[in-house]
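# A closer look at the structure
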Amino acid sequence: MFKRFMTRLRGYAERFPDVRKGGNHQLYTVSDACLSAFGVFFTQSPSFLAYQREMRVRQGRDNAQSLFGVSAIPCDNQIRNLLDPVAPSHVGGLYWETFADLQAQGLLDDHHGFAQQWLCALDGVQYFSSDAIHCDHCTRRLKGDKTRYTHSVIAPVLVAPGHDYVISLEPEFITPQDGADKQDSEQAAMRRWLEQHTCRFAPGSLTVLTDDLHSHQPACAWLREHHCHFIMVCLPESHPFLYEQVAELTKLKLIREIVATHWNGRHRERWTYRFVNDVLLRDSADAITVNWCELIIVREDTQAQVYHNTFITDHRLTDQSVAPIVASGRARWKTENENHNTLKNHGYHLEHNFGHGQQHLAALLLSLNLLAFLLHTVLTLTDAAYQQVRHALGARRTFFDDIRTLTRYLYFESWAALLAFMSHGLELDRPP
Ligand SMILES: [Zn+2]
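Predicted model, so just to flag it, every value in this text is computed and none were measured. (Residues numbered from 1 in each chain as written. Predicted model: local features only at pLDDT ≥ 70, side-chain atom pairs only at ≥ 80, totals over all residues.)

Per the secondary structure count, the protein includes 15 helices and 13 strands. By the compact-globule yardstick of 22 Å for 432 residues, the protein fits well, its C-alpha radius of gyration being 24 Å. With respect to the principal axes defined by its C-alpha atoms, the protein has extents near 80 × 60 × 40 Å. Going through the 432 residues of the protein one by one, you find that 38% of them count as buried. Considering only contacts in the protein between residues 6 or more positions apart, those separated by 24 or more positions represent 67%. (Helix = DSSP H or I, 4+ residues; strand = E, 2+ residues; numbered from the N terminus. Rg over C-alpha atoms; globule rule 2.2 N^0.38 Å. Buried ≥ 20, exposed ≤ 12 C-beta atoms within 10 Å, placed from the backbone. Contact = placed C-beta atoms within 7 Å.)

In structure tokens:
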């Protein structure tokens, strides 16, 4: 899968627009710039390219070439100049091809939630912020007499209860839109993503998971019209009318309550689900109805409340369905841990290495970073040697520290050769 993914990425990179006018600056290709940047994100090593340039001088060959297909490594400045004009949509197809591959191999057969639904978490995350550095695609906010420049993105992932990996899908950038006279918003970006990509899933098979920001009439009504389901966090502060109904129904004892106990390995917990179907989402004549539920988890020994959240959904809530529906809604938290963390902590390297650019650089690098994250997930699912070595080394950090050091000093003719070297050194059994 590593090879196939890299071949595809190279194919996309070779089709990137090259806005140079010709002449004597053509030593490096746009494709080399893309694959070089990807190498930095994949190895999680900001110094990867510097080391490989040194190796090329010493040995006449290097790992940027053998692992990532870079013919000649451009300097960081050249990478910035070459990639800045390339919109991130130029690599969008790779997410979907990878998703199709994983499906075709049956690797996502159990990566579902309630009722075999695809669970797609759609949340915005800010990945750049500055008072000084900016580009045409920054979101601008006045803060006192200063302007704050930021970049944010909806980075959708497919999640599943009980699985600690997420599948990254094509991102949608929150950025001033052509022809729009006001700034973009997370809600508008989410709508654009759904308009473009819902068709990639069988009708009725997609459940959208969001935080409270989206759990309002326009988004819910739109999703329903487009045959998408939803499970969204629904906080009392932002839904006063809905919670008036819940309070009223509670008094009338019309809220269904079921209690279950769970042993979590250390102590016993009491899980209380409360739910009701068909409450009005807002106080208006055209209000749609939604189904509301709540989960409260209390430790039995201390009576301490360890979890509480509330959701609205269009899935019908019953004694049987409420637990799996809530579990599906809670699976969104993986995006906080896995996806957003990767974006935020890695965002630093991205600015540090290549700068911000004037056009698309920040967004394209973000997308390459997400693709590197996706390839790590793909390897976790498909590459037995990768799984063994990662498992043997324990912390994720150790694995990437080792990759950085090994690729600095030694030449590997392929990714498989690098993993075989690690596997052999760790005296792991060869995978079948
Ligand atoms: Zn910018």
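With that settled, consider the sheet that holds strand β6 (residues 167–168). Pairing is mixed in the open sheet, where 9 strands are placed in the order β6-β5-β1-β8-β9-β13-β12-β11-β10. Looking at strand neighbours, the two that pair on one side only are β6 and β10 (256–263), the edges of this open sheet. Alignment of β10 against strand β11 (residues 268–280), held across 8 bridges, turns out to be antiparallel. The residue bridging Ile 258 from the neighbouring strand is Tyr 273, located in β11. (Pairing = 2+ DSSP bridges.)

Along its sequence, the protein is carved into domain 1 (2–86 + 383–425) and domain 2 (89–343). With centres defined by C-alpha atoms, the gap from domain 1 to domain 2 works out at 35 Å. Tallying the contact residues gives 6 residues for domain 1 and 6 residues for domain 2. When the residues that make up the side of domain 1 that touches domain 2 are grouped by side-chain class, the tally is 5 nonpolar, no polar and 1 charged. (Domains from an automatic or database assignment. Nonpolar A, V, L, I, M, F, W, Y, C, P; charged D, E, K, R; others polar.)

The topology assignment puts Thr 405 in helix α14 (residues 396–409). Using a count of 12 C-beta atoms within 10 Å as the deciding quantity, one classes Thr 405 as exposed. Once the C-alpha coordinates of Thr 405 and Ser 45 are considered, the two residues, 360 residues apart in sequence, prove to be 9.6 Å apart.

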